[in-house]
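# Residue-level structure breakdown
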Amino acid sequence: MTTSTDTHNAEPAQLIDGAQLLDDVAATIGRYVILPSTSAHVAVVLWIAASHAVKAWNCAPRLVIRAPERRCGKSRLLDMVEGMCHRPLMTVNASPSAVYRSIGMAPSDPPTLLIDEADTIFGPKAGENEDLRGLLNAGHQRGRPALRYDAGTKNVEKIQTFAMAALAGIGAMPDTIEDRAAVIRMRRRAPGEQVAPYRVRRDGPELDELRQLLNQWLAPQVIELTKAAPDMPLEDRAADTWEPMIAVADLAGGHWPRAARKAAVALTSDRDAGDEGSTPTRLLADCRTAFQDADALPTAELLKRLHSDPEAPWATIGKAGLTAMRMGNLLRDFEVHSDTIRFPTGQAKGYYRSDFVDAWNRYCPEPKPAGGEAVPAVPASLSQVSPEEASASGTAQAVPRTQASLTLTSQNEAGTAGTPWVPRAVSADSTSGAA
């Protein structure tokens, strides 16, 4: 592990143009790394800046830098973060106890944890590492200490966990970590995309100068930032994660407030769209596809349709694939249960589409199309037929049920791949486009 402590020059915070400083940070990163989108670029800059006001935040956002293969620039981007964030603590292989102690040595001003090669810690061949995962999850929110019993003193010790953390690696991180993170999906440079080589001895001092300026600008603003309550385009944990970065953007002004909110929505939508979620949530979403236009399906027919999807895991779960009992157990927590339904072929155990509606809207809503109108997850109304007239599986008729209202709130705004950073000093049209 290596640590670094900020040094301070005499330049007062009020003389520092925050928006220009963030532009300078963005331009420096863009010199050495090509990020996948403008939204990703904005998120990295604001995350670095937010680390310098960690004392102000109730939640410490994580930054996940992931790539599908090697040579995608993830480690170089982590170099940029290390060079400009507050009190970086870099490691490629740390024990949970060492990380706990590093935070506990200065809980009022914790280091910024930087974990490279995180796939070796959380990957499929590395075991679960539940202690480190628990630390990173708990440390997202202030006031969630770890408890350890000291047999020598016979006392219970509280160890602080609150700290900002960035992780870089191949493949996805644990979903509990990505759910608390701004996720940056790196990719290899295309032919014609050029970056400057980065050398710590030669180029590090420039990054360190920007680190000092960020600290001089933000450290005196901690009290103001503690009281900040920015308008958030997100809800729940996503809002908690992005609030520090949007608060910094609002403090900077210029084009940054708008750019920050666009980045928050775009990256959160990208993360959710690429996340298959847990096994129960994946099953819930796949049931929507399997139902097609049917109002009810026999359990056997629903299982047959799930098994027939070659890209789904249901045909290979267990020796015989997904069974009726296991499907029922997975759906039970969503309050979706099978029922005895009269089909033209006779009574059979099955599922009503209407029983899924509320769970679909809550856990796997379909995104809005580009035009902004929500795509309904189910038809607006069901055919009004009697139980005796319910049609065979695969048709659009079934016993009508009370249907939940369709309120889809997810948004989807993809970033522009490979868009270079445009500094604030350029024309207004170009600036708004970059934001």
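Residues numbered from 1 in each chain as written. Predicted model: local features only at pLDDT ≥ 70, side-chain atom pairs only at ≥ 80, totals over all residues. Heavy atoms only, no water.

The next subject is the sheet that holds strand β10 (residues 339-343). Strand order in this open sheet of three strands is β9-β11-β10, and the pairing throughout is antiparallel. Edge positions in the sheet fall to β9 (296-298) and β10, since each has one partner strand and no second. The mean angle between the axes of side-by-side strands here comes to 60°, regardless of whether they run parallel or antiparallel. Two strands pair when backbone bridges link them, and β10 and strand β11 (residues 346-352) are joined in this way by five bridges, in the antiparallel orientation. Among the inter-strand pairings, Thr340 is bridged to a residue of β11, identified as Lys349. (Pairing = 2+ DSSP bridges. Helix = DSSP H or I, 4+ residues; strand = E, 2+ residues; numbered from the N terminus. Axes fitted to C-alpha atoms, helices over the stretch in contact; angles between N-to-C directions.)

Following the criterion strictly, the structure yields zero disulfides and no others. A disulfide-free cysteine, Cys364 has its sulfur positioned 9.3 Å from the sulfur of Cys287, the nearest such atom. (Disulfide = S-S within 2.5 Å.)

Let us look at the environment of Leu63. Relative to the elements of secondary structure, Leu63 occurs in strand β2 (residues 62-67). Judged by relative accessible area, which is 0%, Leu63 ranks as buried. (Buried < 20%, exposed > 50% of the residue type's maximum accessible area, 1.4 Å probe, protein only.)

This part takes up the pairing of β2. Where burial is concerned, most of β2 is hidden: six out of the six residues are buried. Burial along β2 is two-sided: Arg62, Val64 and Arg66 and Leu63, Ile65 and Ala67, pointing in opposite directions, are all buried. Strand direction decides the pairing type here: β2 and strand β7 (residues 165-170), joined by six bridges, are parallel. Paired with Arg62 across the two strands is Ala165, which belongs to β7.

As a further point, take empty space enclosed by the protein. The tally for this structure, following the rule as stated, stands at two cavities of 30 Å³ or more. What the largest cavity holds in volume is close to 40 Å³. Surrounding the largest cavity, Leu89, Thr91, Val99, Leu113, Leu114 and Ile115 form its lining. Of all the elements in the fold, those that place two or more residues in the lining of the largest cavity are β3 (88-91) and β4 (112-115). A total of three residues in the lining of the largest cavity trace back to one element, the largest contributor, which is β4. Residue composition of the lining of the largest cavity, by class: five nonpolar, one polar and no charged. (1 Å grid on protein atoms, 1.4 Å probe; cavity = no way out; pocket = protein on both sides within 12 Å on 5 of 7 lines; lining within 4 Å. Points joined across faces, edges and corners; volume = space filled by probe spheres on them. Nonpolar A, V, L, I, M, F, W, Y, C, P; charged D, E, K, R; others polar.)

Our focus in this paragraph is unusual backbone geometry. Where the residue is not glycine, phi is negative for most of them; where a peptide bond is considered, it is trans in most cases. Although it is not a glycine, Gln292 adopts a positive phi angle of roughly 50°. Here Gln292 lies in the loop between α12 (279-291) and β9. The exposure class assigned to Gln292 is exposed, which follows from its relative accessible area of 52%. In this structure, Glu335 is a non-glycine residue whose phi angle is positive, near 60°. Structurally, the position occupied by Glu335 is in the loop between α14 (324-332) and β10.

It is worth stressing that arrangement in space is one thing and function is another; only the former is reported here.
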